[in-house]
Every structure is written in C-alpha cells, then in structure tokens.
Amino acid sequence: MHPHMTRAWVEIDLGALRRNAAAMAARGAALLPMVKADAYGLGAVAVARALDALAPWGFGVATIAEGIELRESGIERPIIVFTPVHRSHLRALCNARLTPALGAASDITEWSEITTAPWHLAIDTGMSRAGVRWDHVHTLRDAIRANPPQGAFTHFHSAELDDGSREEQERRFRDAVAQLPVRPPLLHAENSAALARTHRSSWDIARPGIFLYGVGSGERALVHPEPVVRLRAPIVDIRTTLPGESVSYDATYRVSAQRRIATLAIGYADGYRRSLSNRGVALLHGQRVPVAGLVTMDMTMIDVTGVPCDVGDIVTLIGRDGSELLDVETVARLADLSPYELLTGLRPRLERHYRDEP
Ligand SMILES: *Cc1c(COP(=O)(O)O)cnc(C)c1O
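First things first, this report covers the structure right here in the doc. (Residues numbered from 1 in each chain as written. Predicted model: local features only at pLDDT ≥ 70, side-chain atom pairs only at ≥ 80, totals over all residues. Heavy atoms only, no water.)

### Here we look at the site of the ligand
Definition in use: Near, as used in this document, describes a residue that has one of its heavy atoms within 4 Å of the molecule or strand being considered. Pairs of N or O atoms are called polar contacts if they sit within 3.5 Å, as long as, within protein, a hydrogen donor faces a hydrogen acceptor (for residues adjacent in sequence, only side-chain-to-side-chain pairs). Whether a set of points on the 1 Å grid over the protein atoms alone is a cavity depends on a 1.4 Å probe fitting there but being unable to get out, while an open set qualifies as a pocket with protein on both sides within 12 Å along at least five of seven lines; lining residues are those with an atom within 4 Å of a point. Cavities and pockets are treated as containing a molecule whenever more than half of the molecule's atoms lie within 2 Å of their grid points. Three classes are used: nonpolar for Ala, Val, Leu, Ile, Met, Phe, Trp, Tyr, Cys and Pro, charged for Asp, Glu, Lys and Arg, and polar for all others, with Gly counted as polar.
In the region of the ligand, 13 residues are neighbours, and Lys36, Tyr40, Ser192, Arg207 and Tyr340 sit closest. Note that a nitrogen atom of the ligand is positioned 2.8 Å from one of the side-chain N or O atoms of arginine 207. Counting atoms within 2 Å of the grid points, the majority share of the ligand lands in the largest pocket. For the shell around the ligand, the class distribution of residues is six nonpolar, four polar and three charged.

### Focus on the pairing of strand S1 (residues 9-13)
To keep things clear, this is the line we draw: The rule is simple: take the accessible area with a 1.4 Å probe, protein chains only, and divide by the maximum for that residue type; under 20% is buried, over 50% is exposed, in between is partly exposed. Helix and strand assignments follow DSSP, with helices taken as H or I runs no shorter than four residues and strands as E runs no shorter than two, numbered in order from the N terminus. Two strands qualify as a pair provided that DSSP identifies no fewer than 2 bridges between them.
A large share of S1 lies buried, amounting to five of its five residues. Burial of S1 is two-sided: the residues Trp9, Glu11 and Asp13 facing one way and the residues Val10 and Ile12 facing the other way are all buried. Here five bridges tie S1 to strand S20 (residues 351-355), and the two strands are oriented parallel to one another. When the bridges of S20 are listed, tryptophan 9 appears paired with glutamate 351. Sheet topology places S1 next to strand S11 (residues 229-241); four bridges connect them, and they run antiparallel. Paired with valine 10 across the bridge in S11 is leucine 231.

### Section: the packing of aromatic side chains
Within a pair of aromatic rings, the relevant descriptors are the distance that separates the centres and the angle that separates the planes. Keep this limit in mind: Each Phe, Tyr or Trp ring (for Trp, its six-membered ring) is paired with any other whose centre lies within 6.5 Å, and the angle between the two planes then decides the class: stacked below 30 degrees, edge-to-face above 60, tilted in between.
Scanning the model with the defined rule gives four aromatic pairs in all. When the centroid spacing of 5.0 Å and the interplanar angle of 85° are considered together, the rings of phenylalanine 82 and phenylalanine 153 count as edge-to-face. On the criterion of sequence distance, the pair formed by phenylalanine 82 in the loop between strand S4 (79-81) and helix H5 (90-95) and phenylalanine 153 in strand S8 (residues 151-153) is long-range, its members being 71 residues apart. Take phenylalanine 82: its relative accessible area is 16%, and that puts it in the buried class. Residue phenylalanine 153 is classed as buried on the basis of its relative accessible area of 7%. Three or more aromatic residues joined by ring pairs form one cluster here, namely Tyr40, Tyr213 and Tyr340.

### Here's the deal with the layout of surface pockets
For the record, the criterion: Grid points are joined across faces, edges and corners, and a volume is the space filled by probe spheres set on the points.
Size it by volume and the largest pocket reaches roughly 860 Å³. For the largest pocket, the lining is made up of 39 residues, of which Lys36, Arg129, His155, Asn191 and Tyr340 are closest to its centre. Looking at the lining of the largest pocket element by element, the count peaks at three residues for strand S6 (residues 120-124). In terms of residue class, the lining of the largest pocket is made up of 18 nonpolar, 13 polar and eight charged.

### Notes on the nonpolar core
In plain terms, the rule: Residues grouped as a nonpolar core are buried Ala, Val, Leu, Ile, Met, Phe, Trp, Tyr and Cys residues, joined through side-chain atoms within 4.5 Å. Contacts are assigned to residue pairs with any non-hydrogen atoms lying within 4.5 Å of each other.
Ranked by internal contacts, the top residues of the largest apolar core, which has 110 residues, are Leu70, Ile123 and Tyr213. In terms of residue count, the dominant contributor to this core is helix H3 (residues 44-52) (six residues). The contacts of tyrosine 213, once residues within four sequence positions are left out, are Leu17, Met34, Val35, Ala39, Tyr40, Leu42, Val47, Val228, Val229 and Leu343. Formed by six residues, the second largest nonpolar core is a distinct cluster that contains Val247, Tyr253, Ile261 and Met301.

Given below as structure tokens:
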C-alpha cells in the first residue's frame, strides 16, 4: 500500500527547486528568493533551508509573521519584508531582526529613531502599489542623508510582456537612484520574468519567486524551469455508471453509455478548485483522463473508462506522470486562475512531502 494513500498530498522536489535557483543565479545577480505566502504554498521553511545551500544574499517575505517563522527556523540571512507595515509595527519588525522596505520620510525617520539596522528604499516606477514615486525621490533627501538605505529597489508590472514598459521603469529607476545623496550598495529590480529574459542582470540582487517553484515566463524566456510541484491523490472508490445516470452535484456529467468513474480523495477544500469541474484533467498510469462533474469539497470524480485501475492507485493532478506532464500553467489555465493563485491556493489539509537527492 502507498504510504500516503489516505488523502491527496503535494510533492516538492527540492533538487529541482535548487537547480531553478541556480539557473536564476547564473544571470549574475545575488539571489533574494521570494518566499512570501509560505513560499507560494510550498512551505517557506523547507524552501528557505533548501535554498540556503546556494548561499543567497537573503530572503523576501510579505509580512512580519512570515519573517519571524524563518528566523525561528534558524535562517540567519537578511530577510526583507516587502509589503508596507504601519509605522507602529516597525519596532516589532526590528525586534525580529527583519529589514523593512520603506518609501515615506516619516517611516524612514521613525526607523532611524528605533535602530541603526539596514532598510531598503522602495521606489514606485509604475506599479502604483508601494514606495515613493520615482519623480518624488528628492522629497526624501534629508531623511536619507540622515540614514542612508542599504538598498533601493523597484518592481516591474509587466516583465513578461516585452511591451517596453520594463525599459521605461528601468529608466525611471536609474533617474530616481541618481537623485539620492549616495548610491545605495544594493540595487534590485528583477522578478522571475525579468530575470528569465535577461542574459546578464544589470543589478546587484535579483528577486525571483515563481520561476523557482517551476513556473516559466513564456516562450520568449531564455531559461525555463524544471517542474517542482506534484499534486497527487489516491483513488478511494470506483463504480460503473449506467446510461442515463449522472455524476456529482447538480448532475452536470450525464453518461449516455456505461462509464467507469473513480473517486479521488481531494476537493476544493484542499485547493483543487471548483472551476476545474468538467474541465480538469488528471494523469492515471500515464494517460489523460477528464474530471467528471462538479468538484466537491472533499472528493473529485474522474472518468477512467478504458484505463485499467484499482482503489489505491495514485492519480497526478499537477506534475509529471511517466512521459506526460500537466504543468502548473496548464492546470491554472483550465481553472481560469493565474499559476500564482493555483499554487498559493493549495490548502494546509494537503500534506507537503519533500523529495531531496541524498
Ligand atoms: C512577489 C514579488 C517578486 C517575485 O515575483 P515573481 O513573479 O514570483 O518572480 C519580486 N519582487 C517583489 C517586490 C514581489 O512582491
């Protein structure tokens, strides 16, 4: 019997994760892997520990709690918190030995009163999300002169589009940096898509996320990642349905001939999204089979007519099975989601199993 056969689980290939990170590091910048949102659902502590072997410069998170989790797991490298935190939380951020991304004079002054620890300057060059506008950087000069940042960064809004916006944002970033009293030692801008389209990084650090986790950035990219994630579920029941019968809620899957239907121990409460109802595909013994009817909270049915199988057999819902690959992008497209949403939507009820080479 398979050791994990009672319910679905996620397999994470740490070797592939490290090889993807090495492909990003080969672009020439020091690595700041983004491990926010529990490393896009893969498990921040396991991912950060695995990537520590590549000696990254540091790690990127979104919240103070995510930073504390890494600190408590023994990660000693710099950890930058990229989502703005309210001024009243800067002391907690400092106490956890985290590095803030700041973009307002009052926040910079507050941080300087709390500590001499490093901070990074967030510059908005077109994302309109966080940081000081590139054309307002001069308003921070006094605060910056009093306590210069260790780094300055911006974030591309459309790096995967090749529409010239990235070049425009880089121009604005250079202009903004030129207005600072001193050049911060560490400049950074690239996310996965920007880095995957660059032979040689122009910056000191790079901030890849999704590429590390096995999702590429299109045909135009110069490098493509290896798959990292497999979502697998056991068959827990099999039945034959007769002509005129239906499968699952609302009877949307009606059979006109005798069909063999297998039930998987995974549902939307695990993150196998309801939008995959009657649209998803699964790999069973290397063959593609369709999702039959609506995905339910805890179970999903597939039509396995013509594919010999038994209760206890393992089905792959994301990832490789034999010569077939269902990559994250394909499943996300079928589910009408971005690959980011699909990965971060894999719920805690799915156990994470890490595979690593000896
Ligand atoms: C999430 C994030 C990244 C990584 O983006 P990917 O598209 O996953 O590579 C980089 N920088 C910042 C500021 C981010 O928030």
